[in-house]
Amino acid sequence: MTTIAELMRSSGIDAMDARVLLRATLAVNDAHLIAHADDEVPAQHAAQFRAAAARRAAGEPAAYIVGEREFYRHVFKLTPAVLIPRPETELLVELALERQPQRVLDLGTGSGCIAISIALARPAAHVTALDRSVPALAVAQENVARLNARNIALQIGNWFDGLGNEGGGHYQRYERYDVIVSNPPYVAAGDAHLAQGDLRFEPACALAAGADGLADIRVIVAGARPHLAPGGWLLFEHGYDQALCCRGLLSQAGFCDVQSWRDLAGIERVSGGRAPSL
Ligand code: GLN
């Protein structure tokens, strides 16, 4: 027999990851792990934990092993079909919510963590979330159901291609959104980080975007205006060294109030601008 404390000590992996795996194995929270550190762990659970720790030691991200990750105070189900939510992406949720939008569009929703967090924080708003990946949409759908978000519609679509032309025919009459958010792929295709650490296990289509990492951001910035209400905001996440380029793209596309916001690490992580008012 072994105790919680002994299992943690001998896990051979990072202490934070060990906590994530042990919490999931025992179906308890952090407070329980601390308060019951000297409790004996049943052999079957100890074996399960050691197997999970071995997978982590071999490189698999802890969030995929346990199949969930917390983001913006909610627990999201995950599979390797979707990116693992990052804490810095919460900035995008906060910036969207500050603007008190009624109609929100999330492009490349993945697990749905951004769209669902916005929908839950603003029950009177209506959120549309798009992804081109069917397996990703299945994960997002499960999160919508698990978190009981009622004001969100999931749609298949590749950036703006999935959005209907309500008018039909030649004249484009799109639904207009107050805020469009996206955490698109933005890593340069040749970036060495793609072959390292957790990124090796995440879907390449959610990470890499052309030779300079800006391919999808260009499509989003170029296509957003017809889908924005007058004065509506486009806000998107990008790489640590892409803020200047992103502001340039936004200005070229005619956005006003173009700016970038820093994440908790002090890195310019989100840029955006607003569509001109009428
Ligand atoms: N922030 C991620 C990383 O480089 C990339 C996520 C993304 O491309 N949207 O770890």
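Everything below is about the structure printed above this text.
These figures come from a predicted structure and were not determined experimentally.

Caption draft 1: Spotlight on the site of the ligand. The environment of the ligand is made up of Leu-83, Arg-86, Asn-183, Pro-184, Pro-185, Tyr-186, Val-187, Leu-199, Ala-206 and Leu-207. Take Arg-86: an N or O atom from its side chain is 2.9 Å from an oxygen atom of the ligand. A distance of 2.8 Å separates a nitrogen atom of the ligand from a polar atom in the side chain of Tyr-186. Taken by itself the ligand offers 300 Å² of open surface, and the protein chains cover 85% of this. Class assignment of the residues belonging to the shell around the ligand gives a composition of eight nonpolar, one polar and one charged.

Caption draft 2: Up close: unusual backbone geometry. With a phi angle near 50 degrees, Gln-100 is a residue other than glycine that sits in the positive phi range. Secondary-structure assignment places Gln-100 in the loop between α6 (90-98) and β5 (103-107). Its relative accessible area of 54% is what places Gln-100 among the exposed residues. A positive phi angle, near 50 degrees, is found at Trp-159, a position not held by glycine.

Caption draft 3: Structural detail: the packing of helix α9 (residues 215-223) against helix α10 (residues 243-252). Two elements in contact, α9 and α10, have axes whose closest approach is 9 Å; the angle formed by their N-to-C orientations is 25 degrees. Considering the angle they form, α9 stands roughly parallel to α10. The handedness of the crossing between α9 and α10 is right-handed. Side by side, α9 and α10 meet where Ile-217, Arg-218 and Val-221 of the first sit next to Cys-246, Leu-249 and Leu-250 of the second. In terms of residue class, the contact of α9 with α10 is made up of five nonpolar, no polar and one charged.

So, how was this worked out
- Residues numbered from 1 in each chain as written.
- Predicted model: local features only at pLDDT ≥ 70, side-chain atom pairs only at ≥ 80, totals over all residues.
- Heavy atoms only, no water.
- Near = heavy atom within 4 Å.
- Polar contact = N/O pair within 3.5 Å; in protein donor to acceptor, adjacent residues only side chain to side chain.
- Areas by Shrake-Rupley, 256 points an atom, 1.4 Å probe, with all protein chains shown as cover.
- Nonpolar A, V, L, I, M, F, W, Y, C, P; charged D, E, K, R; others polar.
- Helix = DSSP H or I, 4+ residues; strand = E, 2+ residues; numbered from the N terminus.
- Buried < 20%, exposed > 50% of the residue type's maximum accessible area, 1.4 Å probe, protein only.
- Axes fitted to C-alpha atoms, helices over the stretch in contact; angles between N-to-C directions.
- Parallel < 35°, antiparallel > 145°, perpendicular 65-115°, else oblique.
- Left-handed = near helix turned anticlockwise from the far one by under 90°.
- Contact = heavy atoms within 4.5 Å.

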